[in-house]
Amino acid sequence: MSRGWLCAAAVAMALIVASPGRADAQCTSWPTNTTVNPGTGYSDTINVSGLAYGTYIITATSSGSAGLINLAFSAAPGVSWSNGTKGFIGSSTTMYLSFILAAAAQPGRWSTVNLSVTNTAGQTVCSSSFVVSVAGDACPGDVVWNGTTVDATFDGANCFVASMPAGDGSPFMHANNYYMTRGPNNVCEAGWFDGANCYLGTPPSGKSGFFWGSAFYYSP
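Keep in mind the model is a prediction, meaning the values are calculated, not measured.

**Here's the deal with the overall build of the chain**
Right, so step 1: Counting secondary structure elements, the chain contains one helix and 20 strands.
Right, so step 2: When each of the 220 residues of the chain is scored for burial, the buried share is 31%.
Right, so step 3: Of all intrachain contacts in the chain linking residues separated by at least 6 positions in sequence, the fraction that spans at least 24 positions is 60%.
Right, so step 4: Total accessible area on the chain stands at roughly 12,100 Å², and carbon and sulfur atoms take up 53% of it.

**Observations regarding the state of the cysteines**
Right, so step 1: Under the criterion given, the structure shown has three disulfides.
Right, so step 2: Covalently, Cys139 is tied to Cys159 through a disulfide, its sulfur atoms 2.0 Å apart. Taking the torsion about the S-S bond as the criterion, the Cys139 to Cys159 disulfide, at about -95°, is left-handed. With a gap of 20 residues between them, Cys139 in the loop between strand S10 (124-134) and strand S11 (142-145) and Cys159 in strand S14 (residues 159-163) connect regions that are remote in the sequence.
Right, so step 3: Note on cysteine connectivity: Cys188 is disulfide-linked to Cys198, with sulfurs 2.2 Å apart. Disulfide Cys188 to Cys198: torsion about the S-S bond roughly -95°, handedness left-handed.

**Regarding the sheet that holds strand S3 (residues 41-49)**
Right, so step 1: If you trace the four strands from one edge of the open sheet to the other, you get S1-S3-S8-S5, paired in antiparallel fashion. Each of the sheet's edge strands pairs with one partner strand only, and the pair in question is strand S1 (26-28) and strand S5 (68-76). Taken over all neighbouring pairs, the strand axes of this sheet differ in orientation by 15° on average, direction set aside.

**What about empty space enclosed by the protein?**
A water-sized probe rolled over the atoms picks out the places where empty space is left.
Right, so step 1: Enumeration according to the criterion identifies one cavity of 30 Å³ or more in this entry.
Right, so step 2: Counted as a void, the largest cavity has a volume near 60 Å³.
Right, so step 3: Along the wall of the largest cavity there are 14 residues; nearest its centre are Gly169, Met180, Thr181, Glu189 and Ala190.
Right, so step 4: For the lining of the largest cavity, the class distribution of residues is seven nonpolar, four polar and three charged.

**Overview of the packing of aromatic side chains**
Right, so step 1: Going through the model one piece at a time under the given rule, you end up with 13 aromatic pairs.
Right, so step 2: The interplanar angle of 70° and the centroid separation of 5.7 Å between the aromatic rings of Tyr179 and Tyr199 together place this pair among those described as edge-to-face. Taken as a pair, Tyr179 in strand S16 (residues 177-180) and Tyr199 in strand S18 (residues 198-202) lie far apart in primary sequence, 20 residues in all. Of the two residues, Tyr179 and Tyr199, both sit in the buried class.
Right, so step 3: One aromatic cluster in this structure is built from Trp145, Tyr178, Phe211 and Phe216.

**Quick word on the environment of Cys139**
Right, so step 1: Cys139 gets classed as buried once you look at its relative accessible area, which sits at 1%.
Right, so step 2: As for Cys139 and Tyr218, which are separated by 79 residues in sequence, their C-alpha atoms are 8.9 Å apart.
Right, so step 3: The residues contacting Cys139, other than those within four sequence positions of it, are Asp151, Ala152, Thr153, Phe154, Cys159 and Tyr218.

**With respect to the confidence of the model for the chain**
Right, so step 1: Taken over all residues, the pLDDT of the chain has a mean of 87, while the share at 70 or more is 89%.
Right, so step 2: Low pLDDT (under 50) marks residues 1-23, which in the prediction has five contacts with non-local residues, meaning those over four places away or in another chain.

Thresholds, definitions, all that
Residues numbered from 1 in each chain as written. Predicted model: local features only at pLDDT ≥ 70, side-chain atom pairs only at ≥ 80, totals over all residues. Heavy atoms only, no water. Helix = DSSP H or I, 4+ residues; strand = E, 2+ residues; numbered from the N terminus. Buried < 20%, exposed > 50% of the residue type's maximum accessible area, 1.4 Å probe, protein only. Contact = heavy atoms within 4.5 Å. Areas by Shrake-Rupley, 256 points an atom, 1.4 Å probe, with all protein chains shown as cover. Disulfide = S-S within 2.5 Å. Pairing = 2+ DSSP bridges. Axes fitted to C-alpha atoms, helices over the stretch in contact; angles between N-to-C directions. 1 Å grid on protein atoms, 1.4 Å probe; cavity = no way out; pocket = protein on both sides within 12 Å on 5 of 7 lines; lining within 4 Å. Points joined across faces, edges and corners; volume = space filled by probe spheres on them. Nonpolar A, V, L, I, M, F, W, Y, C, P; charged D, E, K, R; others polar. Phe/Tyr/Trp six-rings, centres within 6.5 Å; stacked < 30°, edge-to-face > 60°. pLDDT = per-residue confidence, 0-100.

Here's what the structure looks like:
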């Protein structure tokens, strides 16, 4: 191995070591899960810094049933291209997020907002997501159940009342009431006998009860 080759390698290594390293991106103040009242607006800011100087693209998308209107995500200072894409040029910026929760949004519904910063090569610099829930009780009515009143819980789609009681009877709905047939001993192991079957309960007025997946529900 020649002395000239060793010198060249040493110079190359020195250049690598001496070259400035790229700082790690810092995206701070990401929004966290939040509950918003129907018909009201929401806004937040996210700071990004420590980037290599360049052009960056920012995106915000949402999915779910909460009903987010006019979802906007921009940077200041920022750039907006003719195709509607937004971003910024530089090594740092402040990003602004806003939306309005639809006035008709139903309590208990939710949507996920996804935010990201990417470079022009399509590589993600930083990203985050948070859940927006609609304020209010999705299942406000009390349910008559097995001799008492219970507060149903929203499962994301319907109001859960109770699991099928342990016993040998079969669950069913009749005249919008929760029932089970009598077991082999011809007795009501849950509820009480109405002359034909075992009455368990009734959904709130104006709500439709149903049985699904070994549990009783009503539609919100």
